2 protein chains.
Amino acid sequence: MAITLEKTIEALLNGKKYATLRDILMTTNEADIAAIFSELPEENIPLLFRLLPKDMAADTFALMDADQQELLIRGFSDNELKEVFDELYVDDAADIVEEMPANVVKRILANTNPDTRKIINEILKYPEDSAGSLMSVEYISLRPKMTVSDAIKRIRRTITNAETIYTCYVTDDNRHLLGYISVRNLLLSEKEEIIEEIMETTPIYVHTTDDKEDVAKKMGKYDFVTMPVVDVEMRLVGIVMFDDAIDVMQDETTEDIERMAAISPTEESYFKTSDFKHAKNRILWLLVLMLSAMFTGKILDYYETAFSALPLLVGFIPMLMGTGGNCGSQSSTMIIRGMAIDQIHLKDFFKVIWLELRVSLILSLALALVNGVRIMIMYWNNPDKLALSLVISISIIGIVIISQIIGCSLPMLAKKLKLDPAVMAAPLITTIVDAASIFIYFNVAIKFFNL
Amino acid sequence: MAITLEKTIEALLNGKKYATLRDILMTTNEADIAAIFSELPEENIPLLFRLLPKDMAADTFALMDADQQELLIRGFSDNELKEVFDELYVDDAADIVEEMPANVVKRILANTNPDTRKIINEILKYPEDSAGSLMSVEYISLRPKMTVSDAIKRIRRTITNAETIYTCYVTDDNRHLLGYISVRNLLLSEKEEIIEEIMETTPIYVHTTDDKEDVAKKMGKYDFVTMPVVDVEMRLVGIVMFDDAIDVMQDETTEDIERMAAISPTEESYFKTSDFKHAKNRILWLLVLMLSAMFTGKILDYYETAFSALPLLVGFIPMLMGTGGNCGSQSSTMIIRGMAIDQIHLKDFFKVIWLELRVSLILSLALALVNGVRIMIMYWNNPDKLALSLVISISIIGIVIISQIIGCSLPMLAKKLKLDPAVMAAPLITTIVDAASIFIYFNVAIKFFNL
């Protein structure tokens, strides 16, 4: 549907049907309009933006891609710039400022009012991955001695400047967080009740310096729409909104998945990343893994006499290395994801090893059996080669067990060493397991055939 | 902190300090209490549950694990069961009923009132992955002709039965969805304004039969706290809450990650899954991949004369297969995740291939160069083996390009065929790429050394 609408809009723009365009924009959600902007030719963007009703313009602007925002800002008069930035939530404005080149930032700050400028500068001071950089500073605060009807009056008065009203925070005169109350509970209460008697006082909050991933997890745990952010002196300084927390969760998951595939994570989207950036994000691990695979090659070279005497051995290398790699990556994936969603903790280390050991016994016996039978059928008429089925089966048992133990323990060790467990995923595990597989296989074969 | 609290609670339970326990529970969030329950010995669960204040008991119950819920229900008198289920939101009750064995379900339904029972049965009729199975049926609906003050009165009256009040839905007498209005806008408006003049009419909703993953994505796109669910006749039948949507997103991501590691996804958590279930979830793909790796082995067997004549060739097999596998899994991961978060669409097929081709050229040349130089240094005094550096470099170029093209195209083909793209991830890609790598490598070597 979005595509058709985009085509229609382009046609209307070309035909200068501005009144019709305005009607269409007014009945379209801001997120959809922002998506349309990203598909339009550059020259149409300022024109269409100026057709937006004033109350939708800022919201749409906040949802657009950074390069389109920059294009628009460069085309804005000082007055237009001021109008848009006055309408934006301050945390959105700070996010935009962070993405812009220095000369654009200067113009933006010159055209915002001093109060806003001060808050933007303060938000930009927080470390990039902190709760402080994520929070919104426009929330509703109430005082403990207010009555419910005072509170509702205050909400009505400050509502236009607040990003959310669903949860109101109760603070003392020095802004210390005392508790919170939802609009729902306010509406449920009698008008003359006192806030401090009906507010929730369970102290759940985050600090400005907390990692934003932990903030998102905490919000998910408690199903909070907003999470209060306090400074070291427990003063309320902002709130984190659920939609920003969802974005953090999604970005962190993408990072994890990319790390698990040996890619250095970036913030840019797939098509917005340049070819060289794509290559740069992938080359480091490819080189590391390539060079460590040479080590496996060295181990293979060491067994040259064995496979020269019995070349049939070589044909089983891909299957054995592959099975080891797959078992290792299954185990490491279960552990990495389990830790990411807080189902597995470091204290479970031995519990995990013991579980994986039991599972690896079941798996290795099943795989060894299937393989043994298959090779026996293949070489039924050749008693010499029939012995191979036993070598392969024994090797598989050893390889599967070792691979699963390596696969489950390395991500936990990484976490213990304060590294990202996702780094210990399939590619690295596979390379380590490959070497172990070759070692086990040839030692079994040499013992068995006296090579 | 949770662990310390749990130990304290156990000590207090043993010391029969019930008054103290009750005080602690009252200042603790329900999600934390549910987490404590999951750590307690079974015999303490009913006792601690009975100490919970009435208004917290149902919320805590809804957040507990299914096995603990079952334990409690089996211990409840009919009266206690009725009390807890009367307090639960109907969609939570339906979720619990779904997890319980038949005899427990029978007791639950016998002890809920007829209206609730009817709604539970209706929710259970929706397909497991549909919006209908996810939705809540307790929302606030307004009529178009109401004034703002009528609306606020109605909200106050129906608030206790609604899971959320932040967005109120406007319906006609036949429950057709006409629009929505937030409590925020109600509070901002004059008391005598008419709802249909101030409500939002942008029609964003989902159908009861829509896939719950699509519902979660749509809510993320529009940053909705609640999403209305309509039936085929456009009648409002429920709403999906943001916290349930977040759970869906997280579960779907876990499923994707597990599929990408060749594991059949389950809904149970890591430690709650039995050893045999773990083995069952992993064995299928291990078998498939093991047998297809035999195919790579067959290709290797075919080149026996080549590596018997020049055994040095064997040592490079792990490096070449590994590099191909890693390149393929990097590409497939980028595409699978890109499609999951809607950054890459099927219509981008050729754009993706072209991008990956360009990136693969950069990567392959860099890797070929590093390898060529390394082998030249290794075998500097041996002109014969020096030629090997050229064979390896040329093979790498071919392998990297082919691997990335396979890696990026297979997930998109899977999607085109309405399969889950995540199935086409590292393990399968690696197996396919292994065969291609061996084929390229030995053909280059045979040409070069006239083997």
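Because the structure is predicted, anything quoted here is derived from the model rather than measured.

At the junction of the two partners, chain A supplies 109 residues and chain B supplies 109 residues. Around 10,200 Å² of area is buried between chain A and chain B when both sides are counted, 70% of it from carbon and sulfur atoms. On the chain A side of the contact with chain B, R184, Y270 and F271 of chain A bury the most area, a combined 8% of that side's loss. Summed over the shared surface of chain A and chain B, the result is six salt bridges. The salt bridge partner of R358 of chain B is D275 of chain A, with a shortest N-O separation of 2.4 Å. Counting across the interface, chain A meets chain B through 22 residue pairs in polar contact (both at pLDDT 80 or more).

What the rule picks out here adds up to 32 aromatic pairs over all chains. Both rings, one in F349 of chain A and one in F350 of chain A, keep their centres 5.2 Å apart while their planes meet at 85°; by these two values the pair is edge-to-face. Classification of F350 of chain A by relative accessible area gives exposed; the value is 66%. Here a set of aromatic residues connected by ring pairs shows up, and it is made of F37, F49, F61, F76 and F85 of chain A. In this structure, K351 of chain A is placed above the aromatic ring of F271 of chain B, and the distance from its NZ or CZ to the ring centre is 4.2 Å.

Looking now at the pattern of salt bridges. Between side chains of opposite charge, pairing is possible as soon as their charged atoms come close. Considering all chains together, one arrives at 41 salt bridges over all chains under this definition. Its salt-bridge partner being R259 of chain A, residue E255 of chain A comes within 3.4 Å of it at the nearest N-O pair. Of the two residues, E255 of chain A and R259 of chain A both sit in helix α16 (residues 242–260), four residues apart, roughly one turn of that helix. A salt bridge links R259 of chain B to D420 of chain B, with the nearest nitrogen and oxygen atoms 2.5 Å apart. One end of the pair, R259 of chain B, is in helix α16 (residues 242–260); the other, D420 of chain B, is in the loop between α21 (383–416) and α22 (426–449), and 161 residues separate them in sequence. Residues participating in the shared-partner salt-bridge network are D65, D67 and K272 of chain A.

Looking now at the relation of the copies chain A and chain B. Superposing the two chain copies requires a rotation about an axis and a translation along that axis. Of the two same-sequence chains, chain A is brought onto chain B (RMSD 0.1 Å, axial shift 0.0 Å) by a rotation of 180°. Such a combination of turn and shift is consistent with a two-fold rotation axis. Considering only C-alpha atoms, the residue of chain A closest to the rotation axis is S308 of chain A, which sits at 3.1 Å. Comparing interface residues between copies, 99% of those in chain A also lie at the interface in chain B; the contact surface is shared.

Counted according to the given criterion, the structure contains zero disulfides over all chains. Sulfur of C408 of chain A: no disulfide; nearest cysteine sulfur belongs to C327 of chain A and is 12 Å away. The thiol of C168 of chain B is unpaired, and the distance to the nearest cysteine sulfur, on C168 of chain A, comes to 16 Å.

Throughout the structure, instances matching the rule amount to eight cavities of 30 Å³ or more. When its volume is computed, the largest cavity comes out at roughly 590 Å³. In terms of lining residues, the largest cavity is bounded by 40 residues, among which A426 and T430 of chain A together with A426, P427 and T430 of chain B are the most central. Counting residues per element, the ones that place at least two in the lining of the largest cavity are α16, α17 (275–302), α19 (317–340) and α22 (426–449) of chain A together with α16, α17 (275–302), α19 (317–340) and α22 of chain B. At nine residues, α19 of chain A tops the list of elements feeding residues into the lining of the largest cavity. Of the residues contributing to the lining of the largest cavity, the split by class is 23 nonpolar, 15 polar and two charged. Approximately 80 Å³ is the volume found for the second largest cavity. As for the second largest cavity, its lining consists of 13 residues, of which F242 and I246 of chain A together with M219, G220 and F224 of chain B are closest to the centre. Counting residues per element, the ones that place at least two in the lining of the second largest cavity are α16 of chain A together with α15 (212–222) and α16 of chain B. Residues of the lining of the second largest cavity, tallied by class, amount to nine nonpolar, one polar and three charged.

This next bit is on the pairing of strand β2 (residues 167–171) of chain B. Residue and element names in this part refer to chain B. Judged by how many residues are buried, β2 sits mostly within the fold: five of five residues are covered. By the bridge criterion, two bridges tie strand β1 (residues 141–142) to β2 in an arrangement that is parallel. Each bridged residue has a counterpart across the sheet, and for S141 the counterpart in β2 is Y169. With helix α12 (residues 148–158) bridging β1 and the parallel β2, this β-α-β connection has right-handed handedness. Counting the residues that bridge the hairpin from β2 to strand β3 (residues 177–182) gives five residues, and of these R175 lies at a positive phi of roughly 65°.

Quick look at the packing of α16 of chain A against α16 of chain B now. Interaxial distance between α16 of chain A and α16 of chain B falls to 12 Å at its minimum, and their mutual angle equals 5°. With respect to their mutual orientation, α16 of chain A and α16 of chain B come out roughly parallel. Packed against α16 of chain A, whose contacting residues are F242, I246, M249, Q250, T253, I257 and M260 of chain A, the element α16 of chain B presents F242, I246, M249, Q250, T253, I257 and M260 of chain B at the interface.

Quick look at the sheet that holds strand β4 (residues 206–207) of chain B now. All names here are of chain B. An order of β4-β5-β6 is seen for the three strands of this open sheet, with the pairing classed as mixed. For this open sheet the edge positions go to β4 and β6 (236–241), each flanked by a neighbour on one side alone. Both strand β5 (residues 226–230) and β6 contribute to a ladder of five bridges, which runs antiparallel. Within β6, the residue paired with P228 across the bridge is I239.

As a further point, take the sheet that holds β3 of chain B. As a general point, the strands of a sheet are linked pairwise by backbone hydrogen bonds and lie either parallel or antiparallel. An order of β1-β2-β3 (chain B) is seen for the three strands of this open sheet, with the pairing classed as mixed. Because the sheet does not close on itself, it has two edges, and the strands there are β1 and β3 of chain B.

Cut-offs and rules
- Residues numbered from 1 in each chain as written.
- Chains lettered and ligands numbered in written order.
- Predicted model: local features only at pLDDT ≥ 70, side-chain atom pairs only at ≥ 80, totals over all residues.
- Heavy atoms only, no water.
- Contact = heavy atoms within 4.5 Å.
- Buried area = accessible area lost by both parts, 1.4 Å probe.
- Salt bridge = Lys/Arg side-chain N within 4 Å of Asp/Glu carboxyl O.
- Polar contact = N/O pair within 3.5 Å; in protein donor to acceptor, adjacent residues only side chain to side chain.
- Phe/Tyr/Trp six-rings, centres within 6.5 Å; stacked < 30°, edge-to-face > 60°.
- Buried < 20%, exposed > 50% of the residue type's maximum accessible area, 1.4 Å probe, protein only.
- Lys NZ or Arg CZ within 6 Å of the ring centre and 35° of its normal.
- Helix = DSSP H or I, 4+ residues; strand = E, 2+ residues; numbered from the N terminus.
- Least-squares fit on C-alpha atoms with pLDDT ≥ 70 in both.
- Disulfide = S-S within 2.5 Å.
- 1 Å grid on protein atoms, 1.4 Å probe; cavity = no way out; pocket = protein on both sides within 12 Å on 5 of 7 lines; lining within 4 Å.
- Points joined across faces, edges and corners; volume = space filled by probe spheres on them.
- Nonpolar A, V, L, I, M, F, W, Y, C, P; charged D, E, K, R; others polar.
- Pairing = 2+ DSSP bridges.
- Right-handed = clockwise from strand over helix to strand, strands pointing away.
- Axes fitted to C-alpha atoms, helices over the stretch in contact; angles between N-to-C directions.
- Parallel < 35°, antiparallel > 145°, perpendicular 65-115°, else oblique.

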